[in-house]
Amino acid sequence: MAITANQATSSRERTKTEWREFKVDLWLTDLNLTEIGIMKHTQHEAASPQFTKDMEIIGQVKEGRERTGILAFRKELWTDEEGMKRRLVIKQFNETMNWRGSMELLMGRSLQLSLGARGVPVPAYSINLARHDQLVQLERSAQKWMLFPEKFSFFIDTNDGPRFYRLRRNMIGIGADYTLYDDQCRKIGSLDHRIINLGGSWKVKVDASQSYTKLEAVLQMFCAMLRYNRSARRHVKSALEQLCRGRAVRQLDSHERNLYTNPRHR
């Protein structure tokens, strides 16, 4: 039976993908309206114990014109520490400075994976989400070919079982653009880097039928991590070189050590 033009148009409309969209804006400096003045910083510390004294606000998450999240990182831990104790820790808060999640560079795990990859830097991150029992492990792919696009992978344990994801950097483009795939290799999202913003800005789109709050939180902190992605790789590579030469101080940060603690140990 022949299909009319109206029927074909109706079919395309039914299969048209609906997108969840938000934007991650990172600021070039800490001179922003959210954190002007000592009193404002003190209020943030009082609002959440997760907002420690060395926290610096670096950006925001926006849906349309509404700000829905604030991004910060532990500045002294990243800029002042050295070796295995130097770690990238990014945290997300809502508008009232209630903690939503943390993303932490695991130096022990990163060095283990990089050693197994024979020197290729493989940064590994642990993501702790509010009201979620699982620690989400997000890791860079250990690939040896320089021209191959960068990839990261992670999974989230949901009420319907584990859901696996892959983030692949686009080969064509001058920015840090990534495509999100599910475990059936279907494209379900994109991270579009806007290079006009010197601090870094990403427009994120996720298939509305596949999107949920925890996945969006992981992607938002991933965008913030991309600002430090290159320096994190260099740090892991340098730490591995020191380790292989016998010059490393074999001491992990105490907070990172807690993440490796056996939950079944009495």
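Our subject is the structure that appears above.
I will try to describe carefully the structure that is included in this document. (Residues numbered from 1 in each chain as written. Predicted model: local features only at pLDDT ≥ 70, side-chain atom pairs only at ≥ 80, totals over all residues. Heavy atoms only, no water.)

Turning to the overall build of the protein, a few remarks are in order. Assigned secondary structure in the protein consists of 7 helices and 12 strands. Classification of the 266 residues of the protein by burial places 46% in the buried group. In the protein, the share of contacts with a sequence separation of at least 24, taken over all contacts with a separation of at least 6, comes to 50%. Accessible surface, the protein: about 15,700 Å² in total, of which carbon and sulfur atoms supply 49%. (Helix = DSSP H or I, 4+ residues; strand = E, 2+ residues; numbered from the N terminus. Buried < 20%, exposed > 50% of the residue type's maximum accessible area, 1.4 Å probe, protein only. Contact = heavy atoms within 4.5 Å. Areas by Shrake-Rupley, 256 points an atom, 1.4 Å probe, with all protein chains shown as cover.)

Before going further, it helps to spend a moment on the sheet that holds strand β4 (residues 89-93). Pairing in this closed barrel of 12 strands is antiparallel, and the strands run β1-β2-β3-β4-β5-β6-β7-β8-β9-β10-β11-β12 around the ring. Neighbour-to-neighbour, the strand axes of the sheet open up by a mean angle of 20°, direction not taken into account. With 2 bridges joining them, strand β7 (residues 135-140) and strand β8 (residues 151-158) adopt antiparallel strand pairing. Across the sheet, E139 pairs through a bridge with S153, a residue of β8. Helix α5 (residues 213-226) rests against β1 (19-26), β2 (55-63), β3 (66-74), β4, β5 (99-105), β6 (124-129), β7, β8, β9 (161-169), β10 (178-182), β11 (187-193) and β12 (201-207) of the sheet, and its axis sits at about 30° to β1. (Pairing = 2+ DSSP bridges. Axes fitted to C-alpha atoms, helices over the stretch in contact; angles between N-to-C directions.)

Of all the 5 residues making up β10, 5 are buried; the element is thus mostly covered by neighbouring parts of the structure. Burial along β10 is two-sided: Y178, L180 and D182 facing one way and T179 and Y181 facing the other are all buried. Sheet topology places β9 next to β10; 5 bridges connect them, and they run antiparallel. Bridge assignment links L167 to a residue of β10, and that residue is L180. Alignment of β10 against β11, held across 4 bridges, turns out to be antiparallel. For Y178, the partnering residue across the bridge sits in β11 and is L191. The antiparallel pairing of β10 with β11 creates a hairpin that spans 4 residues between the two strands, and C185 there sits at a positive phi of about 60°.

Another aspect to go through is the packing of helix α4 (residues 107-116) against helix α6 (residues 229-244). Close contact between α4 and α6 brings their axes to 10 Å; oriented N to C, the two are set at 75°. Between α4 and α6, the crossing angle belongs to the class labelled roughly perpendicular. Packed against α4, whose contacting residues are M107, S110, L111, S114 and L115, the element α6 presents H235, V236, A239, L240 and C244 at the interface. Considering only residue class, the contact of α4 with α6 consists of 7 nonpolar, 3 polar and no charged. (Parallel < 35°, antiparallel > 145°, perpendicular 65-115°, else oblique. Nonpolar A, V, L, I, M, F, W, Y, C, P; charged D, E, K, R; others polar.)

For the structure on display, the rule yields 7 aromatic pairs. Centre to centre, the rings of W78 and Y228 are 6.5 Å apart; their planes meet at 75°, and the pair counts as edge-to-face. Pair noted here: W78 is in helix α3 (residues 75-79) and Y228 is in the loop between α5 and α6, with a separation of 150 residues, a long-range link. Comparing W78 with Y228, the two get one shared label, buried. Pairwise contacts between aromatic rings join F73, W78 and Y228 into one cluster. Just above the ring of W78 sits the side chain of R86; from NZ or CZ to the centre is 3.9 Å. Directly above the aromatic system of W19 lies the positively charged group of K205, at a separation of 5.0 Å from the ring centroid. (Phe/Tyr/Trp six-rings, centres within 6.5 Å; stacked < 30°, edge-to-face > 60°. Lys NZ or Arg CZ within 6 Å of the ring centre and 35° of its normal.)

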